[in-house]
Each structure stands twice: as structure tokens, then as C-alpha cells.
Amino acid sequence: MDPMILQQIEKMEISEKCKLLERLKALIAKKMVGSALAGTPKRCPRCKSLSFYCKGHDACVLKRWKCCS
């Protein structure tokens, strides 16, 4: 990592570092999900039931699913 970036991070307050960390986590999660998981799955991701629905999004802007089973 660029030493200049590390120096800037070291100067930041804890609250700023926490915000930066959360934003980086969200960007990484979004990148990892990719377009393959962006649509609606055919079955519940957890139990494979056909009865489920989208229940909003988490802090990382990933879809959350609610199973009816």
C-alpha cells in the first residue's frame, strides 16, 4: 500500500477510521457479490425452500432474504 495513504490514515481520528472501514467493507462485499448474485435466487439461499421473499438490504447494500418455511 502507498505509504502516503498509510500516513493519512494514521492521522485520522478513530471515528473517521471506523467510517472508512465500513465503506471499504461495503465496497469489497459489493465487488465480491458481482452480477451473478444480483438477481433473485430461485430458492431460499439458506434452506432451498421455494417460499421466500426479499426483506430489504443490509449495511453493505446486499439483498436480505426472508424464508417463509
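Residues numbered from 1 in each chain as written. Predicted model: local features only at pLDDT ≥ 70, side-chain atom pairs only at ≥ 80, totals over all residues. Heavy atoms only, no water.

Quick look at the pattern of salt bridges now. Per the counting criterion, the structure on display carries 1 salt bridge. In this structure, Lys25 engages Glu22 in a salt bridge whose closest nitrogen and oxygen atoms are separated by 3.6 Å. In this pair, Lys25 and Glu22 are both assigned in helix H2 (residues 14-33), 3 residues apart and thus about one turn of the helix distant. Residue class for Lys25 comes out partly exposed when judged on its relative accessible area of 43%. The class of Glu22 is partly exposed, set by a relative accessible area of 43%. (Salt bridge = Lys/Arg side-chain N within 4 Å of Asp/Glu carboxyl O. Helix = DSSP H or I, 4+ residues; strand = E, 2+ residues; numbered from the N terminus. Buried < 20%, exposed > 50% of the residue type's maximum accessible area, 1.4 Å probe, protein only.)

Attention shifts here to the confidence of the model for the protein chain. Chain-level pLDDT for the protein chain is 82 on average; 88% of the residues reach the 70-or-more range. Per-element averaging of pLDDT across the protein chain places strand S1 (residues 52-57) at the bottom with 84 and helix H1 (residues 3-11) at the top with 93. (pLDDT = per-residue confidence, 0-100.)

Let us look at the environment of Pro41. Along the polypeptide, Pro41 turns up in the loop between H2 and S1. Taking the C-alpha atoms as reference points, Pro41 and Tyr53, 12 residues apart in sequence, are found 9.7 Å from one another. Contact partners of Pro41, with chain neighbours within four places excluded, come to Phe52 and Trp65. (Contact = heavy atoms within 4.5 Å.)

Further remarks concern the packing of aromatic side chains. Using the criterion set out here, one finds 1 aromatic pair in the structure. Ring centres of Phe52 and Trp65 lie 5.5 Å apart, and the angle between their planes is 75°; on these two criteria the pair is classed as edge-to-face. Within this pair, whereas Phe52 is found in strand S1, its partner Trp65 is found in strand S2 (residues 63-67), the two being separated by 13 residues in sequence. (Phe/Tyr/Trp six-rings, centres within 6.5 Å; stacked < 30°, edge-to-face > 60°.)

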